[in-house]
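Chain by chain, the residues:
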Amino acid sequence: MMRAYKFRLRPTVRQEQALREMLADHCSLYNAALQERRDAYRHSSKTSITYGQQSAQLKEIRTFDAERQGRWSFSSQQATLRRLNKAFAAFFRRVKTGQTPGYPRFKGVGHFDTVEFPKDGDGCRWDSTPHDTQTRVRLQGVGHVRVHQHRPVRGRVKTVSVKREGKHWYVIVACDNVSAEPLPATGSIVGIDMGTVHFFTDSNGNHEENPRFLESTAEELAKAQQHLSTFRKCTKRRTKKHRAAVRRVAKLHAKIRRQRLDYHHKTALALVREHDVIGHEKLNTAGMTKAPAPKPDPYNDGAYLPNGAAAKTGLNRNILDAGWGQFHAILARKAESAARRVIAVDARNTSRTCPPEIGGCGHVAKENRVTQAKFECVKCGLVENADRVGALNVLHRAGLVLSGGA
């Protein structure tokens, strides 16, 4: 089993400067490799350059620019080139499937925030047996950086990544061969229905309240963003006040992100402790939050009819604020670690099907969903909370998967 650990770094002033230089040089390498691919395709009869060709040039680049590129780990630079190669692979895949391609972009220094070391001991070393009370990680070109290790690392260290978030630095240690720690069996199986009014409703009728972290900070965030927007008209944008406004907005977004992540971890842990099997809907969050296509007016050339985009904006914001995808990923990892099982089932018509779990007839109809909160079957007359109906149908489908019926 794989597991990743994220710890705060405590670099000295010189080490922090070296970390910034490391990110900047890796960003420069990424952009140069992207430029080479673009130029080769445009000017050399649509010639494609591969990762292997660019990796083979690294030795020459490091010799030519020893002061910058030569001081960093060779394997970490290869990982940066592989990162670009993955971006191109995803681009060509989207082209083939007819999706919006999204050609790889050049990275600004402020947007390039991660350097990966693919192998522990090759350009980096995770010190699992520190000589003092502080754990340290050794990074080539930076030195031995103190780590605030708040929990033990289990398994074999496979990769080490350094990440910048705002003005803070973190190390992410990915380990394999991590053994599971099974929890005592409870004999309970539950289905959950995700929502925006309630974060989720389970098949027992319990509602988990939605904290709405973005909404609770919306007023403060709007003021900070309005203050930042005033600098767009100013010719001298790189002033102390401008940088302070940028940091203020970034700090608020980071706070919301941390609150949401903490809530997801605690909520997922509670579910895993209470139930042996957890069923949830298989949701395509990206598709659900996609803006609706414009509707051309057939009677007025060049005009468009209202398509509900303005109303859907609020729903999209609530869905993204809830963070269903992140929660499901955390739930799956915690369940695997505790030897529990998570089952993702088809989400279609879960809130429109009369639930067999409580004696319903199984009739599927759009009219069954009377309101956002009320379900009333038009065939058998069963009345129930609509969110609980969704959770009960998720539970039913998860039970079919367990029994081998689906």
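I will try to describe carefully the structure that is included in this document. The structure presented is a predicted model; accordingly, all values stated were derived computationally and were not measured.

1. Examining the overall build of the protein chain
Counting its secondary structure elements, the protein chain contains 11 helices and 16 strands. With the principal axes as the frame, the protein chain shows a C-alpha extent of 80 × 65 × 50 Å. Relative to its 406 residues, the protein chain shows a buried fraction of 36%. In the protein chain, of all internal contacts separated by at least 6 residues, the share reaching a separation of at least 24 is 65%. Split by element, the accessible area of the protein chain, about 23,600 Å² in all, is 51% carbon and sulfur. Distance between charge centroids for the protein chain: 6 Å, based on 70 positive and 38 negative side chains.

2. Some thoughts on helix H10 (residues 324–337)
Here H10 is 14 residues long and its end C-alpha atoms lie 20 Å apart, about the 20 Å a rise of 1.5 Å per residue gives. Among the residues of H10, Trp324, Phe327, His328, Ile330, Leu331, Ala335 and Ser337 are the ones counted as buried. Two residues or fewer after H10 comes alanine 339, characterised by a positive phi angle close to 60°.

3. Comments concerning unusual backbone geometry
Notably, arginine 212 is not glycine yet its phi reads approximately 50°, a positive angle. Structurally, the position occupied by arginine 212 is in the loop between strand S10 (207–209) and helix H5 (213–216). A positive phi angle, close to 60°, is found at alanine 339, a residue other than glycine. Here alanine 339 is to be found in the loop between H10 and strand S14 (341–345).

4. Points about the sheet that holds strand S3 (residues 124–126)
The sheet built from seven strands is open, its strands ordered S2-S6-S7-S1-S5-S4-S3 with antiparallel pairing. The open sheet has two edge strands with one neighbour each: strand S2 (114–117) and S3. Between one strand axis and the next, the sheet turns through 30° on average, direction left out of account. Relative to strand S7 (residues 168–176), strand S1 (residues 3–10) is paired through six bridges, and the arrangement is antiparallel. In the sheet register, arginine 3 faces S7, and the bridge partner there is cysteine 175. Helix H1 (residues 13–43) contacts S1, S2, strand S4 (135–139), strand S5 (143–148), strand S6 (156–165) and S7 of the sheet and is inclined by roughly 90° relative to S2.

5. Let's talk about the packing of aromatic side chains
Tallied over the entire structure, the rule returns 12 aromatic pairs. Plain terms: the ring middles of phenylalanine 199 and phenylalanine 327 are 5.0 Å apart, the flat faces sit at 80° to each other, and that makes the pair edge-to-face. Taken as a pair, phenylalanine 199 in strand S9 (residues 198–202) and phenylalanine 327 in helix H10 lie far apart in primary sequence, 128 residues in all. Phenylalanine 327 shares its class with phenylalanine 199; the two are buried.

6. Considering the sheet that holds S9
Taken together, the five strands give an open sheet; going across it, the order is S10-S9-S8-S11-S14, and neighbouring strands pair in mixed fashion. Either end of the sheet is taken by a strand with one partner, and the two such strands are S10 and S14. Taken over all neighbouring pairs, the strand axes of this sheet differ in orientation by 25° on average, direction set aside.

7. A few points about the layout of surface pockets
Volume-wise, the second largest pocket comes out at about 540 Å³. Considering the residues around the second largest pocket, the lining is formed by 24 residues, among which Asp193, Met194, Gly195, Arg369 and Gln372 are closest to the centre. Elements with a minimum of two residues in the lining of the second largest pocket: strand S8 (189–194), S9 and helix H9 (309–322). In terms of residue class, the lining of the second largest pocket is built from nine nonpolar, nine polar and six charged.

8. Quick word on the side chain of glutamine 15
Take glutamine 15: it is sitting in helix H1. At 3.0 Å, the side chain of glutamine 15 forms a polar contact with the backbone nitrogen of threonine 12.

9. What to know about the packing of helix H7 (residues 240–274) against H10
H10 packs onto H7 with a crossing angle of 45° between their chain directions and a minimal axis gap of 9 Å. The angle between H7 and H10 places the two elements in the oblique class. Crossing geometry of H7 relative to H10 is assigned as right-handed. Across the interface between the two elements, Arg260, Leu261, His264, His265, Thr267, Ala268, Leu269, Leu271 and Val272 of H7 pack against Gln326, Phe327, Ile330, Leu331, Lys334 and Ala335 of H10. Looking at side-chain class alone, the contact of H7 with H10 contains nine nonpolar, four polar and two charged residues.

10. Section: the pattern of salt bridges
Scanning all chains against the criterion turns up 17 salt bridges. In this structure, the salt-bridge partner of glutamate 165 is lysine 6, at a minimum N-O distance of 2.6 Å. Pair noted here: glutamate 165 is in strand S6 and lysine 6 is in strand S1, with a separation of 159 residues, a long-range link. Close ionic contact of glutamate 181 with arginine 154 constitutes a salt bridge, the shortest N to O distance being 3.5 Å. One end of the pair, glutamate 181, is in the loop between S7 and S8; the other, arginine 154, is in the loop between S5 and S6, with 27 residues separating them in the sequence. What makes arginine 154 partly exposed here is its relative accessible area of 21%.

11. Topic: the pairing of S6
Alignment of S2 against S6, held across four bridges, turns out to be antiparallel. Residue pairing in the sheet places valine 115 in a bridge with valine 162 of S6. As judged from the nine bridges shared by S6 and S7, these two strands associate in the antiparallel manner. In the strand pairing of S7, arginine 164 is matched with tryptophan 169.

Calculation criteria
Numbers given for residues are sequential positions, taken from 1 along each chain in its written order. With the structure being a predicted model, the display of local features is reserved for residues of pLDDT at least 70 and the display and counting of side-chain atom pairs for 80 or more, all residues being used for whole-chain, interface and lining totals. Note: side-chain values were computed over all heavy atoms of the structure, leaving out hydrogens and water. Secondary structure counts use DSSP, requiring at least four H or I residues in a row for a helix and at least two E residues in a row for a strand, with both numbered from the N terminus. Throughout, exposure labels follow a simple rule: accessible area from a 1.4 Å probe, protein chains only, divided by the maximum for the residue type, with under 20% read as buried, over 50% as exposed, and the rest as partly exposed. Contacts: residue pairs with any heavy atoms within 4.5 Å of one another. Under the convention used here, a 1.4 Å probe and the Shrake-Rupley method define accessible areas, while residue burial counts only the protein chains that appear. His is not counted here, nor are the chain ends, while Lys and Arg score as positive and Asp and Glu score as negative. Where a charge sits is defined by one atom per residue type, namely NZ (Lys), CZ (Arg), CG (Asp) or CD (Glu). In this scheme, a helix's expected span is set at 1.5 Å multiplied by one less than its residue total. Two strands pair if DSSP finds at least two bridges between them. Lines are fitted to the C-alpha atoms to define the axes, a helix being fitted only along its stretch in contact, and any angle between axes, read from their N-to-C directions, falls within 0 to 180 degrees. Each aromatic pair joins two rings of Phe, Tyr and Trp (for Trp, the six-membered one) with centres within 6.5 Å, and gets the label stacked for planes under 30 degrees apart, edge-to-face for over 60, and tilted for any other angle. A 1.4 Å probe that fits but cannot get out identifies a cavity on a 1 Å grid over protein atoms alone, an open set with protein on both sides within 12 Å along at least five of seven lines counts as a pocket, and a residue lines either if it has an atom within 4 Å of a point. Grid points are joined across faces, edges and corners, and a volume is the space filled by probe spheres set on the points. The residue classification treats Ala, Val, Leu, Ile, Met, Phe, Trp, Tyr, Cys and Pro as nonpolar and Asp, Glu, Lys and Arg as charged. All others, Gly included, are polar. Counting of polar contacts relies on pairs of N or O atoms within 3.5 Å, with two restrictions inside protein: one atom must be capable of donating a hydrogen and the other of accepting it, and residues adjacent in sequence are counted only when both atoms are side-chain atoms. Should an angle fall under 35 degrees it is taken as roughly parallel, and over 145 as roughly antiparallel, whereas 65 to 115 is taken as roughly perpendicular and any remaining angle as oblique. By convention the crossing between two helices is left-handed if the near helix lies anticlockwise of the far one by an angle smaller than a right angle, and right-handed if it lies clockwise. By definition, a salt bridge exists where a carboxyl oxygen of Asp or Glu is found within 4 Å of a side-chain nitrogen of Lys or Arg.

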